[in-house]
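Descriptive analysis of the structure
So you can see what is in the structure, the chains are spelled out below.
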Amino acid sequence: NWSALVSMAFDYMKQAETMSASGAGKKQWVMSMIEQSAKTLNYNLDDESREKISALIDSACDMAKAVNAEATAK
């Protein structure tokens, strides 16, 4: 179920990009959606799993910023 949860996180991140909230607000929304999805999947989302998902979100955002900056610079 971990891979399903990660896939959902990326889907939620895409949805969050359409929101007018701040970056922190978007992340908070994604994390709340992950919490709900974990319950639906009967996945025990413990503190370690939350930290991993949070780090994944941060890394994906950092990567997107770097890629977008390179594309804009061309």
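Glancing now at the pattern of salt bridges. For the coordinates displayed, the defined rule picks out six salt bridges. Here K52 ties to E48 by a salt bridge, and the two come within 3.5 Å at their closest N and O atoms. Placement of both K52 and E48 in helix 3 (residues 47-73) is noted, with a separation of four residues, approximately one turn of the helix. When its relative accessible area of 45% is taken as the criterion, K52 is described as partly exposed. Through salt bridges with shared partners, one network takes in E35, D47 and R50.

The next subject is helix 1 (residues 2-16). In a regular helix each residue adds 1.5 Å, so 15 residues correspond to 21 Å; helix 1 covers 21 Å between its end C-alpha atoms and thus fits that length. Among all positions in helix 1, only L5, V6, A9, Y12, M13 and A16 are buried. All buried residues of helix 1 fall inside an arc of 120 degrees around its axis, so they share one side. Along helix 1, exposed side chains directed more than 90 degrees from the buried face belong to S3 and K14.

With that settled, the discussion passes to the packing of aromatic side chains. Within a pair of aromatic rings, the relevant descriptors are the distance that separates the centres and the angle that separates the planes. Applying the stated criterion across every chain, the model contains two aromatic pairs. Judged by centre distance (6.0 Å) and plane angle (40 degrees), the rings of W2 and Y43 are tilted. With W2 in helix 1 and Y43 in the loop between helix 2 (23-40) and helix 3, the pair connects residues that are 41 residues apart, well separated along the chain. Where Y12 meets W29, the ring centres are 6.0 Å apart and the plane angle is 85 degrees; that geometry is what we call edge-to-face. Here W29 lies in helix 2 and Y12 lies in helix 1, a separation of 17 residues in the sequence. You can call W29 partly exposed: its relative accessible area is 22%.

We now examine the side chain of S37. Along the polypeptide, S37 turns up in helix 2. Residues within four places of S37 in sequence aside, it is in contact with L5, M8 and Y12.

Taken over all residues, the pLDDT of the protein has a mean of 90, while the share at 70 or more is 95%. Averaged pLDDT values for the elements of the protein fall to 87 in helix 3 and rise to 94 in helix 2.

Criteria and cut-off values
- Residues numbered from 1 in each chain as written.
- Predicted model: local features only at pLDDT ≥ 70, side-chain atom pairs only at ≥ 80, totals over all residues.
- Heavy atoms only, no water.
- Salt bridge = Lys/Arg side-chain N within 4 Å of Asp/Glu carboxyl O.
- Helix = DSSP H or I, 4+ residues; strand = E, 2+ residues; numbered from the N terminus.
- Buried < 20%, exposed > 50% of the residue type's maximum accessible area, 1.4 Å probe, protein only.
- Expected span 1.5 Å × (residues − 1).
- Arc of directions from axis to C-beta.
- Phe/Tyr/Trp six-rings, centres within 6.5 Å; stacked < 30°, edge-to-face > 60°.
- Contact = heavy atoms within 4.5 Å.
- pLDDT = per-residue confidence, 0-100.

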